[in-house]
Amino acid sequence: APPERVFDLIAVPYGERPPRALREKVQVWERGADLVLAAHRTPVGGRTVTTVETVRFERPARFDFRLVRGPVPHLSESFVLDAADGGTRLTWSGELGTDFGPLGSWWANRVADAWQHAVERSLAAVSAEVGRHARRAAHSGDDG
């Protein structure tokens, strides 16, 4: 799918009317033209962890997340969308920072593992949704 379509699919949880299943995972607390403040509920080790993050949108090419409240003092990540081979290449990068020396490093490793798994689940869900939309478009003869 083109970057614009992928962007729209990633942005669904932050829109005015997200599907019920996504409202259980993401709750937007404040909304601006290109930024939201949102609570994210993520399953981790049999529990649900809630983080609060800002999400900045640069349509159609980029999402930037910054942790406001969560298990570490600093966490930021970016999803960058580029047109590639008739579709979209999504590049993810992130940075996690801690304090408290060796104890903070130990904790960072635990948080990083859970964070990586959450990102992998999100990317798999986006990929599956893009695939569903592409199959529907191909079946209906629609190009978008």
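For the structure itself, look to the data block above.
Residues numbered from 1 in each chain as written. Predicted model: local features only at pLDDT ≥ 70, side-chain atom pairs only at ≥ 80, totals over all residues. Heavy atoms only, no water.

Asks: When you look at the side chain of Thr51 in this model, what are you seeing that I'm missing?
Replies: Mapped onto the elements, Thr51 comes out in strand β3 (residues 47–58). Of the polar contacts made by the side chain of Thr51, one reaches the side chain of Glu53; its length is 3.0 Å. Among all residues touching Thr51, those that are not within four sequence positions of it are Ala38, Ala39, His40, Leu67, Arg69, Gly70 and Pro71. (Helix = DSSP H or I, 4+ residues; strand = E, 2+ residues; numbered from the N terminus. Polar contact = N/O pair within 3.5 Å; in protein donor to acceptor, adjacent residues only side chain to side chain. Contact = heavy atoms within 4.5 Å.)

Asks: Could you clarify how one ought to interpret a nonpolar patch on the surface in this entry?
Replies: A cluster of nonpolar residues, Phe100, Leu103, Trp106 and Trp107, forms a patch on the protein surface that exposes about 510 Å² of accessible area. Relative to the helices and strands, Trp106 resides in helix α3 (residues 101–140). (Patch = residues over 30% accessible without salt bridge, like charges linked within 9 Å, V, L, I, M, F, W, Y side chains within 5 Å. Areas by Shrake-Rupley, 256 points an atom, 1.4 Å probe, with all protein chains shown as cover. Salt bridge = Lys/Arg side-chain N within 4 Å of Asp/Glu carboxyl O.)

Asks: Would you explain the pairing of strand β2 (residues 35–44) in this entry?
Replies: Sheet faces and side chains relate simply in a regular strand, where the side chains alternate between the two faces. Here strand β1 (residues 26–31) pairs with β2 via five bridges, running antiparallel. Bridging from a neighbouring strand, Glu30 pairs with Leu37 of β2. The turn linking β1 back onto β2 is made up of three residues. Bridging between β2 and β3 involves 10 bridges; their strand directions are antiparallel. (Pairing = 2+ DSSP bridges.)

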